[in-house]
Amino acid sequence: METDNRVALITGGARGIGRAIGLDLAAQGWSIAICYRTSAADAEETRAQIEALGARALAVRSDVSDPAAAEALARTVEDAWGRVDALVNCAGPYHRVDILKETPEGWREMFANNLDPVFYLSRLIAPGMIERGWGRIIAFGMATADQLTAQPGITAHYIAKAGVLVLTRTLARALAPHGITVNAISPGFIDSGSAPPEELDAMAKRIPAGYIGTIQDAVNVVRFLLSEEARYVTGANIHLSGGWGL
């Protein structure tokens, strides 16, 4: 399939890693649908940037932690363009709170926003991929989530990301017979523009590679996983951490 016929749906695509992925794919001729929950101005700016590259763009406000909203999002994109060839799950907010001070609402929020949308959207998008015999699904975990270590400050978020890895492998097994790959990317410290330079400098000292990763590093991995060169790669969890967390 030529890239100018392909359609990508990117959750959390209004800014950060999601935006960069959308712009990279748009430059290759993909049609890009991004969804956002609150970042309306960022989403509009991203949509305009995608269209400036000559690609088709949709920006849809959707709380994909709600299964009905996730279904409406999938239907909107498929009604507009007839297909979704790649689902890239970038949405993944977190908060830092001691486990004994966590609230039931905060606990549930981490699962609802990090794990549930990957399931909701994958089950909605997969049938079309199966019908066409081709598809790519990518989810974002976090470095060390596969090690199941104690994380008293980000417990719910961490468990949700561990769940993403299990879901990724399960979907990979189920969808492999249909020409669909499902993989996870687990970042460590990535400079997404939100942390002050002095904090990044301190983090770099803890990373074996000696430096902080960039958004482009994440984009490069996504580009590979979406390519035909990665057709035999499925169920993988790619550590994007410069050796941190190993």
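Note: the structure precedes this text.
Residues numbered from 1 in each chain as written. Predicted model: local features only at pLDDT ≥ 70, side-chain atom pairs only at ≥ 80, totals over all residues. Heavy atoms only, no water.

S.K.: I would appreciate a short explanation of the pattern of salt bridges in the present structure.
M.R.: Think of it this way: side chains of opposite charge can pair up when their charged atoms draw near. Inspection of every chain in the model, using the stated rule, returns 11 salt bridges. Between Arg136 and Glu228 there is a salt bridge, with the nearest N and O atoms lying 3.9 Å from each other. Note that Arg136 is positioned in strand S5 (residues 135-140) and Glu228 in the loop between helix H8 (215-226) and strand S9 (237-240), a separation of 92 residues in sequence. In this structure Arg136 comes out as buried when scored by relative accessible area, which is 2%. By relative accessible area, which is 40% here, Glu228 ends up partly exposed. When salt bridges that share partners are traced, they join Arg6, Arg136 and Glu228 into one network. (Salt bridge = Lys/Arg side-chain N within 4 Å of Asp/Glu carboxyl O. Helix = DSSP H or I, 4+ residues; strand = E, 2+ residues; numbered from the N terminus. Buried < 20%, exposed > 50% of the residue type's maximum accessible area, 1.4 Å probe, protein only.)

S.K.: How should I be thinking about the nonpolar core in this particular structure?
M.R.: Within soluble globular proteins, side chains that are nonpolar generally end up buried alongside one another. Grouped together as the largest cluster of nonpolar side chains are 33 residues, with contacts concentrated most on Leu9, Leu73, Val77, Leu175 and Val182. With 7 residues, the single largest contributor to this core is helix H6 (residues 155-175). If we ignore the near neighbours within four places in the chain, the residues touching Leu175 are Ala126, Ile130, Ile137, Ile180 and Val182. With 32 residues, the next largest nonpolar core counts Ile21, Leu25, Ile50 and Ile190 among its residues. (Core = buried A, V, L, I, M, F, W, Y, C linked by side-chain atoms within 4.5 Å. Contact = heavy atoms within 4.5 Å.)

S.K.: What is the right way to read helix H7 (residues 197-204) from this model?
M.R.: Within an α-helix, residues lying three or four positions from one another point in the same direction, as the helix has 3.6 residues per turn. Every buried residue of H7 is accounted for by Leu200, Met203 and Ala204. The buried residues of H7 occupy an angular sector of 100 degrees when the element is viewed end-on, so they sit on one face. Exposed side chains of H7 directed beyond 90 degrees from the buried face belong to Glu198 and Asp201. On its buried side, H7 packs onto strand S7 (190-191). (Arc of directions from axis to C-beta.)

S.K.: I'm lost on the packing of aromatic side chains in this one. Help?
M.R.: For any two aromatic rings, the description comes down to two numbers: the centre-to-centre distance and the angle of the planes. With the rule as written, the count across this model stands at 3 aromatic pairs. Between the aromatic rings of Trp107 and Phe111, the centroid separation amounts to 5.4 Å while the plane-to-plane angle is 45 degrees, which identifies the pairing as tilted. Pair noted here: Trp107 and Phe111 are both in helix H4 (residues 104-114), with a separation of 4 residues, about one helical turn. By relative accessible area, Trp107 is classed as partly exposed at 32%. Residue Phe111 is classed as buried on the basis of its relative accessible area, which comes to 13%. For the ring pair Phe189 and Trp244, a centre distance of 4.9 Å and an interplane angle of 55 degrees mean the geometry is tilted. Of this pair, Phe189 sits in the loop between strand S6 (180-187) and S7 while Trp244 sits in the segment after S9; the two residues are 55 residues apart in sequence, bridging distant segments of the chain. (Phe/Tyr/Trp six-rings, centres within 6.5 Å; stacked < 30°, edge-to-face > 60°.)

S.K.: I would appreciate a short explanation of unusual backbone geometry in the present structure.
M.R.: Excluding glycine, most residues fall at negative phi; most peptide bonds, likewise, are trans. Residue Thr144 is not a glycine yet carries a positive backbone phi of 80 degrees. Tracing the backbone through its elements, the reader meets Thr144 in the loop between S5 and H6. With a phi close to 55 degrees, Leu148 is a non-glycine residue in the positive phi region. With respect to the helices and strands, Leu148 occurs in the loop between S5 and H6. Exposure remark for Leu148: the relative accessible area of 66% places this residue in the exposed category.

S.K.: Could you clarify how one ought to interpret the pairing of strand S1 (residues 7-11) in this entry?
M.R.: Two faces make up the sheet, and in a regular strand the side chains alternate between them. Where burial is concerned, most of S1 is hidden: 5 out of the 5 residues are buried. Of the two faces of S1, both are covered, the one formed by Val7, Leu9 and Thr11 as well as the one formed by Ala8 and Ile10. In this sheet, strand S2 (residues 31-36) lies alongside S1 in parallel orientation, the contact comprising 5 bridges. Residue pairing for S2: Val7 is matched across the bridge by Ser31. At this point the chain moves from S1, through helix H1 (residues 16-27), to the parallel S2, and the crossover so formed is right-handed. (Pairing = 2+ DSSP bridges. Right-handed = clockwise from strand over helix to strand, strands pointing away.)

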